Amino acid sequence: MTNQPLLDRQSIVVLALLAAVAILVPALNILAAPGSVLHVSDHLVPLFGKYICFALLALSVDLIWGFCGILSLGHGAFFALGGYAMGMYLMRQIGPRGVYSDPVLPDFMVFLNWKELPWFWHGFDWLPLAALMVLLVPGALAFIFGWFAFRSRVTGVYLSIITQAMTFALMLAFFRNDMGFGGNNGLTDFKDILGFPLQAASTRIGLFVLSVAALAGGYLLCRWVVSSKFGKVLVAVRDAESRTRFLGYRVEHYKLAVFTLSAMLAGVAGALYVPQVGIINPSEFAPANSIEVVIWVAVGGRGTLAGAILGALVVNAGKTWFTGVLPEFWLFALGGLFVFVTLLMPRGILGAAKDIWERSGRRLRPARVPEATAQAAE
Amino acid sequence: MTSLRSILQAFVLLIGMASAAMAGPYEDALPKFAADSYADTEAAVSGVAGSGHPLALNVVEALRDGRLLVAAGRVYLRDVSGRLIDAATGGAVEPAAGLKPVRVNNRVRRAIEAALGGMTLLSPDAGARLEAARAVFRSRDAAALPVLEKAIAQESAVAVRDALEGARAAILLSRPDASSSERLAAIETLHIRGDQDALALLTTLPPGAPSDIAEAASKAADGIRTRLALWNAVQNVWYGLSLGSVLLLAAIGLAITFGTMGVINMAHGEMVMIGAYTTFLVQELIRTHAPGLFGASLFIALPLAFLVAGAIGILIERTVIRFLYGRPLETLLATWGLSLILQQGVRTIFGPTNREVGTPGWMSGALDVAGLSLTYNRITIVVFAFLVFSALLGVLRYTSLGLYVRAVTQNRRMAGSMGIRTSRIDALAFGLGSGVAGIAGVALSQIDNVSPNLGQGYIIDSFMVVVFGGVGNLWGTLVGAMTLGIANKLLEPYAGAVLGKILLLVAIILFIQRRPRGLFALKGRAVEA
């Protein structure tokens with residue numbers, strides 16, 4: 001099989017669209033007159049930024065689920081860990097402006113009557129270290145977890161369930177005040193980032209553009225991974241794990257590498273998410289959140305990368321709209337989406353669109369990639 | 001009627017007179033109340049209490065309630081109906097001038113409590129005697145000793161006698177002037193009693209106790225500590241068993257569906273919830289139409305919950321899961337979607353708040369066994385969980401449906417080749433698993449809040465049980481549920497509830513690494529599954 005080019009037509013379209021978004025949203029926010037149809041109001045910028053972060057999270061899930069068949073139902077944990085690392089930096093930036101005016105200790109520690117900073121909070125007032133932790137903490141957790149799980153060949157629903165257990169355990173842990181991460185309330189009341197006030201419109205635009213850039217970078221990285229030889233092996237693992245192993249590949253190494261990479265991407269998404277929504281608390285670890293991410297990927301089209309981005313944007317926009325207009329129907333819609341997509345649209349929006357495209361006869365393509373199935377072999 | 005009452009009054013008066021005629025400790029003690037000094041009042045209390053006079057109890061109670069009055073050196077008491085009575089004679093008198101209540105302070109109040117305890121020790125009511133014995137045990141008032149001896153001599157009820165002897169031992173132990181043998185006997189009595197109070201007594205020996213007594217006391221205290229720790233452990237194991245039963249109920253249906261189809265049914269928790277809501281509906285109907293049947297409401301709800309949840313389960317299997325065979329991950333997502341829909345459906349119909357499900361009379365209360373308090377609803381749930389388990393085991397072992405289900409679990413294609421209609425068995429097994437979840441809901445409605453979120457609270461725990469126990473074997477589910485339940489409760493005292501749970505989750509994650517197919521894995525030659 002020949003290697004695919006890094007940038008195929010689809011990737012160029014995705015990158016062009018992302019560039020357009022990165023230019024249009026700030027432009028329409030600043031240039032269009034308030035009240036005009038085209039104006040993007042100030043509260044919409046962080047909302048769109050939030051969607052972009054979710055898209056990056058969905059991308060990280062698609063990388064392992066779509067291309068390696070690892071269904072992680074605990075990716076919300078990596079997202080939240082990245083968020084907490086960023087939240088800790090933002091907490092330290094508050095400095096003496098907190099309610100208790102303590103120059104070093106965040107408010108919740110003063111409230112809990114702690115006398116000094118716990119060791120793991122040191123250095124988080126320095127952004128490069130915090131940024132490193134955004135990558136390292138989720139990456140290390142994924143590496144340890146994956147090393148155990150893949151080495152002992154935990155696969156399929158078993159793996160999905162223990163990832164749920166992982167995020168559930170982390171949620172319980174972060175709810176405890178003794179953990180030193182603000183317990184129930186999490187980290188909030190952030191003031192500024194690198195000296196730029198978070199409430200300012202310009203900072204928000206900056207964060208938005210940064211998020212889009214991160215998404216584009218993440219997309220390119222994933223494209224590079226899946227179009228390389230490494231990516232081919234991943235697909236082989238997805239479609240026939242034992243056969244790949246018998247061919248001499250160290251399946252667990254491939255899985256571990258891609259799982260760790262994916263966790264780091266999720267951590268970056270979380271780190272960009274926190275300054276835009278202004279809070280991170282343990283409910284981000286909720287098992288249900290992680291399951292929801294999977295449905296974004298499924299809606300957009302599993303194993304397509306672009307589909308993950310599309311799905312995250314569509315479902316979250318739908319969520320915002322539904323919870324505003326018909327709040328009690330959102331869960332019906334979301335639940336129905338799960339059932340509908342798995343039953344009738346297994347290849348998601350992109351897959352369905354491609355089918356229609358092909359059927360209309362304008363283009364004839366070679367046989368499509370076989371459907372990924374974890375078929376039980378008796 | 002009036003005449004009868006006056007005759008009675010006269011009679012009572014007569015008795016009072018008769019006893020008053022013989023001047024005794026009561027008559028000696030009484031005037032001290034009038035002295036208006038706390039020390040004298042205290043002396044008077046113990047004098048009156050020790051007199052055995054029929055009016056003694058009334059006098060002390062009156063003093064406690066501020067109804068004991070003095071005027072011109074004589075003592076009166078106002079009874080509850082407001083009449084004034086001469087404390088010396090018991091006869092009703094006209095209110096005299098200058099009546100003043102006898103004042104009390106904390107010291108006197110303590111003396112009053114101890115005296116009352118001593119006096120009710122001889123009450124004809126066994127419950128009152130027991131209560132009094134406990135009061136004396138706490139106060140350790142040496143003045144009660146003579147009454148205590150008398151009470152022990154004539155006590156017939158064993159429980160009261162034990163309490164009385166415990167009280168005597170408590171007094172003797174803390175009394176420096178008791179003989180050495182008496183105190184050793186007291187230590188032995190307290191050792192046998194062996195509860196937290198006895199331990200406190202033994203460890204706070206008054207200073208200056210002889211060394212042999214101190215040694216005996218510390219030895220007895222050690223013995224009690226060991227025993228208490230043991231009972232504590234037993235209690236924790238019981239809590240664990242009870243939690244394990246809840247987990248067993250929640251997970252056992254899941255084990256069947258997972259076992260046969262290899263599918264984790266994320267909507268399983270919602271089947272439990274539907275069972276609980278069925279119970280709620282049954283109780284509502286009974287309340288409005290046949291209140292007399294309330295005690296039987298759970299028995300009516302059981303088959304209904306099984307049918308309702310089972311029917312919904314079969315419906316789900318026929319309309320959704322059937323199309324997703326061979327794709328367990330997609331099934332997981334689809335059933336998660338169904339669980340969201342079911343939750344929101346129940347929330348729309350019944351509202352988001354908790355619904356009140358009553359507990360029948362026969363399930364309330366508690367059984368006290370040797371220092372353990374076992375509530376009846378917990379006992380019922382433990383027994384019920386084991387009944388459901390045995391029934392399912394029987395169904396799988398002895399019915400043809402069970403045979404087919406086992407065959408499909410072990411080797412689907414082979415079972416199909418032998419003429420078993422596997423898709424029909426899937427539907428039935430799914431219905432059976434869901435029905436059992438409904439039954440679990442009836443039981444859980446007794447110990448948990450019936451709300452649309454009921455099922456979500458159990459789903460991760462149920463997964464853990466099934467994954468830990470292994471698939472395709474109900475015994476694995478039983479062992480898994482009980483191990484997790486008991487481990488959870490044994491960890492709780494040391495690590496706290498939340499940390500204990502986290503530790504357990506981590507332990508399970510690590511355990512899966514060692515045995516990826518659970519404790520009781522089906523043995524086969526599958527390359528991968």
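Note on numbering: residues in each chain are counted from 1, in written sequence order. Throughout, the order in which chains and ligands are written sets their labels, letters from A for the former and numbers from 1 for the latter. Under the rules for a predicted model, residues below a pLDDT of 70 receive no local features and side-chain atom pairs below 80 are neither given nor counted, while totals for whole chains, interfaces and linings still include all residues.

## Some points on the overall build of chain A
Stage number 1. Within chain A, the secondary structure is distributed over 14 helices and 4 strands.
Stage number 2. Over its C-alpha trace chain A gives a radius of gyration of 21 Å, about what one expects of a compact globule, namely 21 Å for 378 residues.
Stage number 3. With the principal axes as the frame, chain A shows a C-alpha extent of 65 × 55 × 40 Å.
Stage number 4. Looking at chain A as a whole, 47% of its 378 residues are labelled buried.
Stage number 5. Two residues qualify as being in contact provided that their C-beta atoms, derived from the backbone, are within 7 Å of each other. When contacts within chain A are restricted to residue pairs at least 6 apart in sequence, long-range pairs at least 24 apart make up 77% of them. Helix and strand definitions follow DSSP, with helices as H or I runs of at least four residues and strands as E runs of at least two, each counted in order from the N terminus. Here the radius of gyration uses the C-alpha set of atoms, whereas the globule reference equals 2.2 Å times the residue count to the power 0.38. Whether a residue is buried, exposed or partly exposed is read from the other C-beta atoms within 10 Å of its own C-beta, which are placed from the backbone; 20 or more gives buried, 12 or fewer gives exposed, and intermediate counts give partly exposed.

## A word on the UniProt feature "transmembrane region" (unreviewed entry) in chain B
Residues and elements named next belong to chain B.
Stage number 1. UniProt positions are given in the numbering used here, feature names are shortened, and annotations may be inferred rather than shown by experiment. Taken from the UniProt record, the annotation "transmembrane region" (unreviewed entry) applies to residues 237–256, 294–316, 328–346, 379–404, 425–444, 464–487 and 494–512.
Stage number 2. End-to-end, the C-alpha atoms of residues 379–404 are 34 Å apart, and along that stretch the chain is 96% helix and 0% strand.
Stage number 3. Between the C-alpha atoms that bound residues 494–512 there is a distance of 25 Å. The span itself is 95% helix and 0% strand.

## Structural notes on the packing of helix H5 (residues 127–151) of chain A against helix H10 (residues 251–277) of chain A
Residue and element names in this part refer to chain A.
Stage number 1. Axis definition: a line fit to C-alpha positions, over the contact stretch in the case of helices; interaxial angles, taken between N-to-C directions, run 0 to 180 degrees. The contact between H5 and H10 brings their axes to 8 Å, and the two run at 150 degrees. Considering the angle they form, H5 stands roughly antiparallel to H10. By crossing handedness, the relation of H5 to H10 is classed as right-handed. Together, Val-134, Leu-135, Val-137, Pro-138, Gly-139, Leu-141, Ala-142, Phe-143, Gly-146, Trp-147, Phe-150 and Arg-151 of H5 and Glu-252, Lys-255, Leu-256, Phe-259, Thr-260, Ala-263, Met-264, Ala-266, Gly-267, Val-268 and Ala-271 of H10 make up the contact between the two elements.
Stage number 2. Basically, the charged four are Asp, Glu, Lys and Arg, the nonpolar ten are Ala, Val, Leu, Ile, Met, Phe, Trp, Tyr, Cys and Pro, and anything else, Gly included, counts as polar. Considered class by class, the residues forming the contact of H5 with H10 number 16 nonpolar, 4 polar and 3 charged. When describing relative orientation, an angle under 35 degrees is termed roughly parallel and one over 145 degrees roughly antiparallel, while 65 to 115 degrees is termed roughly perpendicular and anything else oblique. Crossing handedness follows the turn of the near helix against the far one: under a right angle anticlockwise gives a left-handed crossing, and clockwise gives a right-handed one.

## Here we look at the domain arrangement of chain B
Stage number 1. Each assigned domain of chain B is listed with its residue range as follows: domain 1 (14–107), domain 2 (121–209) and domain 3 (232–357 + 372–514).
Stage number 2. Here the C-alpha centre of domain 3 of chain B lies 68 Å away from the C-alpha centre of domain 1 of chain B. Note that the domain bounds were set by an automatic or database domain assignment.

## Let's talk about H5 of chain A
Stage number 1. Between its terminal C-alpha atoms H5 of chain A stretches 35 Å, which fits the 36 Å expected from 25 residues at 1.5 Å a residue.
Stage number 2. One axis is fitted to the seven residues ending at the residue and one to the seven starting there. The bend at that residue is the angle between these axes. If you look at H5 of chain A, its biggest bend is around 25 degrees, right at Met-133 of chain A.
Stage number 3. Within the sequence span of H5 of chain A, burial applies to Ala-130, Met-133, Val-134, Pro-138, Gly-139, Ala-142, Phe-145, Gly-146, Ala-149 and Phe-150 of chain A.
Stage number 4. Buried-residue contacts for H5 of chain A involve helix H3 (75–94), helix H6 (156–175) and H10 of chain A together with helix H21 (497–514) of chain B.
Stage number 5. A positive phi of about 60 degrees marks Arg-153 of chain A, the residue just after H5 of chain A. Each helix should span, by expectation, one fewer than its residue count multiplied by 1.5 Å.

## Topic: the interface of chain B and chain A
Stage number 1. Across the boundary between the two partners, chain B contributes 42 residues, which contact 46 residues of chain A.
Stage number 2. The set of elements that each furnish at least two residues to the side of chain B that touches chain A consists of helix H14 (328–350), helix H17 (412–417), helix H19 (456–469) and H21 of chain B.
Stage number 3. For the side of chain B that touches chain A, the element with the most residues is H14 of chain B, which contributes 14 residues.
Stage number 4. Considered class by class, the residues forming the side of chain B that touches chain A number 28 nonpolar, 8 polar and 6 charged.

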